Amino acid sequence: MRLRTSNVLAVQATDLTLAYQQRPVLWDVDLDVPQGVLMAIVGPNGAGKTTLLRTVLGLLRPAAGEVRVFGRPYAEQRRLVAYVPQRGSVDWDFPTTALDIVTMGTYSGLGWVRRPGASERSRATAALAQVGMQAYADRQISQLSGGQQQRVFLARALVQDAQVYLMDEPFQGVDATTERAIVNLLRALRADGKTVVAVHHDLQTVAEYFDQVTLLNVRRIAAGPVGKVFTDENLRLTYGGRVAGIGGPTNGTEHEAHL
Amino acid sequence: MTSAQIDVLLVAVVVAASCAIPGTFLVLRRMAMMSDAISHTVLLGIVLAFFVVADLNSPILILGAALVGLLTVVLVEVVSRTGLVREDTAIGLVFPALFSIAVILISSLAGNVHLDSDAVLLGEIAFAPFNRFAPFGVDLGPIALWVMGAILLVNLAGTFLFFKELKLATFDPALAAALGFSPALVHYGLMAVVSVTAVGAFDAVGSILVVALMIGPPAAAYLLTDRLPRMLGLSVVIGAASAVGGYWLARLLDANIAGSMATVVGIAFILVLLLAPQRGLVATARRHRRQRWTFARQMLLIHLATHEGTPTEVDESRPDHMQRHMRWPPAFGNRVVQTATERGLIVLENDQLRLTPQGRQAAREAAVR
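The paragraphs below set out a description of the structure included in this document. Because the structure is predicted, anything quoted here is derived from the model rather than measured.

Some thoughts on the interface of chain A and chain B
Between chain A and chain B, the contact holds 34 residues from the first and 30 residues from the second. For the chain A and chain B pair, buried surface summed over both sides reaches about 2,700 Å², with 66% attributable to carbon and sulfur atoms. For the chain A face of the interface with chain B, the top three residues by lost area are Phe94(A), Pro95(A) and Trp112(A), together amounting to 26%. The interface formed by chain A and chain B holds 3 salt bridges in total. One salt bridge connects Asp100(A) with Lys167(B), and the closest N-O pair in it is separated by 2.8 Å. When contributions to the side of chain A that touches chain B are tallied by element, the ones reaching two or more residues are α3 (98–103), α4 (107–110) and α6 (146–158) of chain A. With 3 residues, the single largest contributor to the side of chain A that touches chain B is α4(A). Grouping the amino acids of the side of chain A that touches chain B by side-chain chemistry returns 17 nonpolar, 8 polar and 9 charged.

What follows is the structure, given as structure tokens:
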């Protein structure tokens, strides 16, 4: 399915507000993601980045606001959205193989009861190959390194054949090989006209890896093309003055933003 | 064997198999203690349903038990969702409350009914052959076998049909939700199955043994395999074998059958814990020992390689200096030197340890890693 209708945002969340026990986690947040871009969501710990992704996915119910995917409510467009959760959100001692995890991405096309067959397995194998993990298909998932586990998760999202990919810290704790593999994958997705929204922690690489950025700290501080909004001023507003000099040479305080 | 013995064994095997299947998913979901709670609180469902239908053999009892099993799960979630109490504490609060209500109801209102709390806790599988299913006077075997057989069939069919959903919702509930498979539905479905299985089983074997059969075999199987279908199969086999073994142990000791079965489950788990080929304690200890020797040998080689051809070489390569330098006890150091010599990695010449070409190669490889 090609959804190339112009001017329709891939993801549009309006006025999202969400609170845990009266404490606002998201306060009137908009998220506007044009089609075919790589967008980073950046902000300090507790800024609500993961909450924002999970709300877009309908995993959390907001107190106010709505989410549209290609102009229609998320519930109708579920199949167009793939999710890559944080690696630590699942139990990697689960008794199964890398290929089996990737095959899970095909389940939505199967519906209840029907089992994955040869075609689902071959799609999963192809997705594993796309992230350079075909040699590990039959490996028990706890025997994979952190970076390899992350690539398995990415393959699982690829196999969903979605239009929008929501990723929660895909670069968290991965080795250099995996980081390169992920960057190449993001670019391949963009070249295919897909849209990626990723929570990202490393401020150094935002400009290199992404086209657009949303700066978030409970409220949306700024959003738009990286060149325009990823400024020292906006970062100070987001991180509360703890970050200095992203554009220039690095200095010590900057690392606080990675914590 | 008498036909009564065969009946008891059949009931025991069927009970063990039906418990092992939902138990596997409880273990993987880290909800083992929920089986303890449910296997006790279902008693309340039985008592309440009994007041309605006044028939101890009515299937309504199982329905009542399943509902109270689900109520247990819901209450535990309500209490733990307040954020003021952890989940394990919530289980410890909810299940004694529901269970004690059942005990009070039985003791004060149903005193003249054949429903006593001893039988609930320990069960009496030895009586299973005497309670027979005989519609129109035709003897079709023990009722317990029919009830548990039906439950086993439901568990097998449910696991077969919803295998993919159970696996997905257990491994990654968020993805399950995102893909449109309600993890809550899977969760409560599984809990209903646990409740029904617990009711059917505790009539035969008592609630303590239900817990043993639900958790012990899957916990052992988890150490033996890293594939879910095999874990399910092994759980069933270990559970059934323990049930049979427990029966014979009880005969041998003239002891309570259910208690003996639970004991054998425990022994089976301990054996697996010790002897499992990859993850067992013995295999792990062996692996660590081997790694310790390998590491010590590599330290020796790297040390020799570092000082090879330097002015301090003469001092640095004397065997006694080596042991002081590495802080090895003499016996251990001698063993390291000896095994390295046996492998042709070093030679002793004029009280000096020298690397052989293979030893030099091994040192380089070890240092690179």
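Moving on, there is more to tell.
Observations regarding the pairing of strand β7 (residues 164–168) of chain A
Along a regular strand, successive side chains alternate from one face of the sheet to the other. All names here are of chain A. The buried fraction of β7 is high, at 5 of 5 residues. Across 5 bridges, the pairing between β7 and strand β8 (residues 195–199) is parallel. Among the inter-strand pairings, Asp-168 is bridged to a residue of β8, identified as Val-199. Taking the sense of rotation as the criterion, the β-α-β connection linking β7, helix α7 (residues 176–191) and β8 turns out right-handed.

Re a nonpolar patch on the surface
Residue and element names in this part refer to chain B. Nonpolar side chains collect at one region of the surface, where Ile-267, Ile-270, Leu-271, Leu-273, Leu-274, Leu-275, Leu-281 and Val-282 lie side by side and expose about 680 Å² of accessible area between them. Counting residues per element, the ones that place at least two in the nonpolar patch are α11 (257–275) and α12 (281–307). Among the elements that make up the nonpolar patch, the one with the highest residue count is α11 (6 residues). The topology assignment puts Leu-271 in helix α11.

Description of α7(A)
Residues and elements named next belong to chain A. With 16 residues, α7 extends 23 Å from end C-alpha to end C-alpha; this agrees with the ideal 22 Å at 1.5 Å per step. Listed in full, the buried residues belonging to α7 are Thr-178, Ile-182, Val-183, Leu-185, Leu-186 and Leu-189. One face of α7 carries all of its buried residues, which in axial projection span an arc of 160°. Away from its buried face, by an angle of more than 90 degrees, α7 presents the exposed residues Ala-176, Arg-180 and Ala-191. If you follow the buried residues of α7, they end up packed against β3 (38–42), α5 (118–130), α6, β7, β8 and α8 (203–209).

Focus: the nonpolar core
In this structure, Tyr165(A), Met167(A), Val213(A), Val15(B) and Ile125(B) are the most contacted members of the largest nonpolar core, which totals 141 residues. Apart from the residues lying within four places of it in its own chain, the contact partners of Met167(A) are Leu53(A), Val84(A), Leu154(A), Leu186(A), Leu189(A), Val196(A), Val197(A), Ala198(A) and Val199(A). Of all hydrophobic cores here, the second largest spans 32 residues; its members include Val67(A), Tyr83(A), Leu216(A) and Ala174(B).

Conventions used here
- For every chain, the first residue of its written sequence is number 1, and the numbers climb from 1 along that sequence.
- Chain labels run from A onward and ligand labels from 1 onward, assigned in the order the entries are written.
- Thresholds applied to this predicted model are a pLDDT of at least 70 for local features of residues and 80 or more for the giving and counting of side-chain atom pairs; totals over whole chains, interfaces and linings are not thresholded and use all residues.
- Each side-chain value is worked out from all heavy atoms of the structure, with water and hydrogens disregarded.
- Note on contacts: a residue pair qualifies if any of its non-hydrogen atoms lie within 4.5 Å across the two residues.
- Defined here as a combined quantity, buried area equals the accessible surface (1.4 Å probe) lost by two parts on assembly, summed across both.
- A pair is scored as a salt bridge if a Lys or Arg side-chain nitrogen falls within 4 Å of a carboxyl oxygen belonging to Asp or Glu.
- What counts as a helix is a DSSP run of H or I of at least four residues, what counts as a strand is a run of E of at least two, and both are numbered from the N terminus.
- Ten residue types, Ala, Val, Leu, Ile, Met, Phe, Trp, Tyr, Cys and Pro, are classed as nonpolar, four, Asp, Glu, Lys and Arg, as charged, and the remainder, Gly among them, as polar.
- For every residue, the accessible area (1.4 Å probe, protein chains only) is compared with the maximum for its type, and the residue is labelled buried under 20%, exposed over 50%, or partly exposed between those bounds.
- Strand pairing is assigned whenever DSSP detects at least two bridges linking the two strands.
- Whether a crossover is right-handed depends on one test, that the path from the first strand over the helix to the second runs clockwise when the strands point away from the viewer.
- Residues qualify for a patch when their relative accessible area is over 30% and they have no salt bridge, like charges being joined within 9 Å and the nonpolar side chains of Val, Leu, Ile, Met, Phe, Trp and Tyr within 5 Å.
- Only the protein chains shown count as cover for residues, and all accessible areas are computed by the Shrake-Rupley method using a 1.4 Å probe.
- By this rule, a helix spans an expected 1.5 Å times one less than how many residues it contains.
- Here the arc refers to the directions that run from the helix axis out to each C-beta atom.
- We define a nonpolar core as any set of buried Ala, Val, Leu, Ile, Met, Phe, Trp, Tyr and Cys residues linked to one another through side-chain atoms lying within 4.5 Å.

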